[in-house]
Amino acid sequence: MTLTTDRRRHDREILALAVPAFGALVAEPLFLMADSAIVGHLGTSQLAGVGVASAALTTATGVFVFLAYATTAAVARRIGAGDRRAAIQQGIDGIWLALALSAAVVALTLLLAPQVAGVLGASPTAAPYAVTYLRISALGIPAILLVMAATGVLRGLQDTRTPLYVAVAGFAANLGLNVGLVYGAGLGVAGSAWGTVIAQTGMAAVYVVVVVRGARRERASLRPDPAGIRASARAGGPLMVRTLSLRAILMIATAVAAGLGDDEIAAHQIAMTVFLFIAFALDAIAIAGQAIIGRYLGAGDVPGTRAATRRMIEWGIGSGVLLGLLVVLARPLYVPLFTPDPAVQHQLNTVLLLLALCQPVSGLVYVLDGVLMGAGDGPFLAWAMLATLAVFAPAALAVPASGTGLAGLWWAMNLFMLVRGGFLAWRARGGRWLVTGAVRS
């Protein structure tokens, strides 16, 4: 096989997985955006309450994203090894783990909703709406975690199209239900929460049908297997540490920006919106990496793993360059849409240049993160992110005293990406992550 043919084959694999994955990733945050847009017409207090509740729910469920990542890698390995039955069985174990974890999260959310609203700074007028939205939305947490795990199953089976279809249908249902329940039924904030819960439950039901059908075709058991559930938890534990460390970095950055002034925190939040949207595009390549690398390693194909990794790195860096240029060149078009305030725009224009500067590195980071997740190298990813947090935290916390303002904070953000990229590149150059076989021992 020639080099050109090999590259084209990898390109087809990456595109086939990454493009639908990007669509699904973009569809997911539209749930909360739709809720905010609809509730926003009810009043400022209602919108503030839903904003606080949404932040709490995103944090409470986001830490369990390992349910998707770890399941993708484990299922893909078994697909590569040619054992589809064991692949689906592994995915079912991940789904049972999701349901077990959700029980505790639901209970805590229902019990601590008032305290959570207070900690997150909900005003006396917004707090009742935040508590109402939180307590109703808690009933949808099992569906959210189940969707995460089931999405990981399908990605591991090299299917990112079904999650896209389910996400788009779920968003459409959520939008219709919210409008009907908030305004048609006059339920207000409670109607918005119920609409989202119903849509999420519907999505989970579709995934259950898809997975059950696959299990029956392969004669895989649907019963919970304690050993399999424990194995899923062990694989996901380090990834949870990684995610918590990443969230700590983002929370520190927000806290520092808030202390710099109103203009600075406003500009920072807009920049973070751009940062996170770009992350969806780059994360789509990472998701393709999880599925492809897991499959190659499961098949025992180390040269194929290396070749696919090189090509995905090229895709990641190239995408980062293009996205960075787009961030800079399109500023006159999108900055006024976010804010008409000249002072905030001035802060934002400087920050966006710094954000754009680091996008090639970000492309490398996201791809290698996905590659190492696909290899099941969770413990290294956990330690690397903890070490990155240890470098970032003092750099960010020193910004107010240094007088460098918001620009100084975003130099610290770029340092965060550079350090993270350095750890991942060092690991990828070595061979300790290249563990082959149906199960990473």
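Residues numbered from 1 in each chain as written. Predicted model: local features only at pLDDT ≥ 70, side-chain atom pairs only at ≥ 80, totals over all residues. Heavy atoms only, no water.

1. Some words on the overall build of the protein
As a reminder, the rule being used: Helix and strand assignments follow DSSP, with helices taken as H or I runs no shorter than four residues and strands as E runs no shorter than two, numbered in order from the N terminus. Restricting the calculation to C-alpha atoms gives the radius of gyration, and the globule rule supplies 2.2 Å times the number of residues raised to the power 0.38. Buried, partly exposed and exposed residues are distinguished by accessible area as a fraction of the type maximum, computed with a 1.4 Å probe on protein chains only: under 20%, between the cut-offs, and over 50%, respectively. The contact criterion used throughout is that any non-hydrogen atoms of two residues lie within 4.5 Å. Under the convention used here, a 1.4 Å probe and the Shrake-Rupley method define accessible areas, while residue burial counts only the protein chains that appear. Note on charges: Lys and Arg go in the positive column, Asp and Glu in the negative column, and His and the chain ends are not counted at all. The location of each charge is read from NZ of Lys, CZ of Arg, CG of Asp or CD of Glu.
The secondary structure content of the protein amounts to 17 helices and 0 strands. At 22 Å, the protein has a C-alpha radius of gyration in line with the 22 Å of a compact globule built from 441 residues. Along the three orthogonal principal directions, the C-alpha set of the protein runs to about 60 × 50 × 35 Å. When each of the 441 residues of the protein is scored for burial, the buried share is 52%. Put simply, of all contacts in the protein between residues at least 6 apart along the chain, 84% involve residues at least 24 apart. Summed over its atoms, the accessible surface of the protein is roughly 18,600 Å², and 69% of this surface lies on carbon and sulfur atoms. Computed over 30 positive and 19 negative side-chain charges, the separation of the two mean positions in the protein equals 10 Å.

2. Regarding the packing of helix α7 (residues 161–184) against helix α8 (residues 188–218)
Our working definition: Helix axes use the C-alpha atoms of the stretch in contact, all axes being lines fitted to C-alpha atoms, and the angles between their N-to-C directions lie in the range 0 to 180 degrees. Any angle from 65 to 115 degrees is called roughly perpendicular, while one under 35 is roughly parallel, one over 145 is roughly antiparallel, and all others are oblique. Each crossing is labelled by how the near helix is turned from the far one, with a counterclockwise turn of less than a right angle marking it left-handed and a clockwise turn marking it right-handed.
Remark: α7 packs on α8, axes separated minimally by 8 Å, with the N-to-C direction vectors making an angle of 155 degrees. One finds that α7 runs roughly antiparallel with respect to α8. Seen along the crossing, α7 lies across α8 with a hand that is right-handed. Between α7 and α8, the contacting residues are P163, V166, A167, G170, A173, N174, L177, N178, L181 and V182 on the first element and G188, G191, S192, W194, G195, T196, I198, A199, M203, V206 and Y207 on the second.

3. What to know about the pattern of salt bridges
The line we're drawing: The term salt bridge refers to a pairing of a side-chain nitrogen on Lys or Arg with a carboxyl oxygen on Asp or Glu at a separation within 4 Å.
Across all of its chains, the model carries 8 salt bridges by this definition. D377 is the salt-bridge partner of R440, the closest N and O atoms lying 3.4 Å from each other. Here R440, found in the segment after α17 (405–429), pairs with D377, found in the loop between α14 (359–374) and α15 (378–397); they are 63 residues apart in sequence, far enough to count as distant. Using a relative accessible area of 25% as the deciding quantity, one classes R440 as partly exposed. Each of the salt bridges in this network shares a partner with another, and the network as a whole consists of D11, R311 and E314.

4. Digging into unusual backbone geometry
A positive phi angle is found at Q158, which is not glycine, with a value near 70 degrees. Its place among the elements puts Q158 in the loop between α6 (141–156) and α7. Take Q158: its relative accessible area is 23%, and that puts it in the partly exposed class. Even without being glycine, R219 reaches a positive phi, approximately 60 degrees.

5. As for the environment of R420
Secondary-structure assignment places R420 in helix α17. Residue R420 is classed as buried on the basis of its relative accessible area, which comes to 6%. Beyond its immediate chain neighbours, meaning those up to four positions away, R420 contacts R242, L246, V365, D369, M385 and T388.

6. Thoughts on a nonpolar patch on the surface
Formally: The patches described consist of residues with a relative accessible area above 30% and no salt bridge, like charges being joined within 9 Å and nonpolar side chains (Val, Leu, Ile, Met, Phe, Trp, Tyr) within 5 Å.
There is a patch of nonpolar side chains on the surface, built from I317, V321, L322, L325 and L329 and spanning about 490 Å² of accessible area. With respect to the element layout, I317 can be found in helix α11 (residues 302–329).

7. Looking at the packing of aromatic side chains
Stated precisely, the cut-off is as follows: A pair of aromatic rings is counted whenever rings of Phe, Tyr or Trp (Trp by its six-membered ring) have centres within 6.5 Å, and the orientation is called stacked for planes under 30 degrees apart, edge-to-face for over 60 and tilted otherwise.
Throughout the structure, instances matching the rule amount to 5 aromatic pairs. Taking 6.3 Å as the distance between ring centres and 80 degrees as the angle between the ring planes, the aromatic pair formed by F22 and F277 counts as edge-to-face. Taken together, the residues F22 in helix α1 (residues 3–39) and F277 in helix α10 (residues 262–298) connect sequence positions 255 residues apart. According to the relative accessible area criterion, F22 is partly exposed, its value standing at 29%.

8. Focus: the nonpolar core
It is characteristic of soluble globular proteins that their nonpolar side chains tend to be buried jointly. What counts is decided by this rule: Nonpolar cores were defined as sets of buried Ala, Val, Leu, Ile, Met, Phe, Trp, Tyr and Cys residues, with membership established by side-chain atoms within 4.5 Å.
Core analysis: the largest hydrophobic core is formed by 130 residues, its most contacted members being L67 and W410. Take this core: its biggest share by element is 19 residues, from α10. Leaving out residues up to four positions away in the same chain, W410 has contacts with H268, A271, M272, F275, V351, L354 and L355.

9. A few points about the side chain of S102
Relative to the helices and strands, S102 resides in helix α4 (residues 84–119). Leaving out residues up to four positions away in the same chain, S102 has contacts with I141, P142 and L145.

10. A few points about α10
Defined as follows: Expected span of a helix, by definition, is 1.5 Å for each gap between consecutive residues, and there is one gap fewer than residues. We define the bend at each residue as the angle formed by axes fitted to the 7 residues ending at it and the 7 residues starting at it.
In this model α10 runs 51 Å from its N-terminal to its C-terminal C-alpha over 37 residues, within 8% of the 54 Å that 1.5 Å per residue would give. At A281, α10 is deflected by roughly 30 degrees, the largest bend along its length. G300 occupies a position one or two residues after α10 and carries a positive phi of about 75 degrees.

11. Examining the side chain of N178
For clarity, the cut-off: Two N or O atoms form a polar contact when they lie within 3.5 Å of each other; inside protein one atom must be a possible hydrogen donor and the other a possible acceptor, and for residues adjacent in sequence the pair counts only when both atoms belong to side chains.
For N178, the position within the fold is in helix α7. Separated by 2.8 Å, the side chains of N178 and S192 make a polar contact.

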